[in-house]
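Residue-level structure breakdown
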Amino acid sequence: MQINKLRGKELDQLFQAVLSLQDLEECYRFFDDLCTINEIQSLAQRLDVARMLREGNTYHKIETETGASTATISRVKRCLNFGNDTYEMVLERIKEDIKAEKE
């Protein structure tokens, strides 16, 4: 894991803060204080790119719909193929949550 190089008190504190958030509104407020709009958009874009790659969309379609560069799409694809499987994990959880809300 690349992030192991950053492991420490400050990063633990950040992750504990994220884990302490209780709902979507708290997430909006926390990330608004923590990040720039561009940083938030970049994070959201990467997750959307992962969703679209997982669904089998082409780079061209992903580029057109998300505005992501091919470099970003390639990086996300590399993480999907060789990463920690967390994109898959969270996308599946989101899908399950949406399904549960409809029932």
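Further up the page is the structure itself.
Read on for an overview of the structure. (Residues numbered from 1 in each chain as written. Predicted model: local features only at pLDDT ≥ 70, side-chain atom pairs only at ≥ 80, totals over all residues. Heavy atoms only, no water.)

This next bit is on a nonpolar patch on the surface. Together, Ile3, Leu6, Leu14, Phe15, Val18 and Leu34 line one region of the surface with nonpolar side chains, adding up to about 490 Å² of accessible area. The element best represented in the nonpolar patch is helix 1 (residues 9-20), accounting for three residues. (Patch = residues over 30% accessible without salt bridge, like charges linked within 9 Å, V, L, I, M, F, W, Y side chains within 5 Å. Areas by Shrake-Rupley, 256 points an atom, 1.4 Å probe, with all protein chains shown as cover. Salt bridge = Lys/Arg side-chain N within 4 Å of Asp/Glu carboxyl O. Helix = DSSP H or I, 4+ residues; strand = E, 2+ residues; numbered from the N terminus.)

Moving on, we get to the environment of His60. Relative to the assigned elements, His60 resides in helix 4 (residues 59-66). In sequence terms His60 and Cys27 are 33 residues apart; their C-alpha atoms lie 31 Å from each other.

This next bit is on the pattern of salt bridges. Counting across every chain of the model gives five salt bridges. For Arg51, the salt bridge goes to Glu55, with nearest N and O atoms at 3.0 Å. Using a relative accessible area of 51% as the deciding quantity, one classes Glu55 as exposed. In this structure, Glu65 and Lys61 form a salt bridge, with 3.8 Å as the shortest nitrogen-oxygen distance. Taken together, the positions of Glu65 and Lys61, both in helix 4 and four residues apart, correspond to about one turn of that helix. Given a relative accessible area of 51%, Glu65 falls into the exposed group. A residue is classified by how much of its surface remains accessible, and Lys61, at 37% relative accessible area, is partly exposed. Taken together, the salt bridges that share partners define one network made up of Asp48, Arg51 and Glu55. (Buried < 20%, exposed > 50% of the residue type's maximum accessible area, 1.4 Å probe, protein only.)

Summarising the element assignment, Thr66 is placed in helix 4. In terms of polar contacts, Thr66 uses its side chain to reach the backbone amide nitrogen of Ala68, at 3.0 Å. Residues within four places of Thr66 in sequence aside, it is in contact with Gln45, Asp48, Val49 and Met52. (Polar contact = N/O pair within 3.5 Å; in protein donor to acceptor, adjacent residues only side chain to side chain. Contact = heavy atoms within 4.5 Å.)

To find leftover empty space, a probe the size of one water molecule is rolled over the atoms. Roughly 2600 Å³ of internal volume is contained in the largest pocket. Lining the largest pocket are 48 residues, and of these Leu43, Leu47, Thr86, Tyr87 and Val90 lie nearest its centre. Residue assignment for the lining of the largest pocket shows that the elements contributing at least two residues are helix 1, helix 2 (24-34), helix 3 (37-54), helix 5 (70-82) and helix 6 (86-102). Considering every element that reaches the lining of the largest pocket, the biggest residue donor is helix 6, with twelve residues. The class makeup of the residues in the lining of the largest pocket is 28 nonpolar, five polar and 15 charged. (1 Å grid on protein atoms, 1.4 Å probe; cavity = no way out; pocket = protein on both sides within 12 Å on 5 of 7 lines; lining within 4 Å. Points joined across faces, edges and corners; volume = space filled by probe spheres on them. Nonpolar A, V, L, I, M, F, W, Y, C, P; charged D, E, K, R; others polar.)

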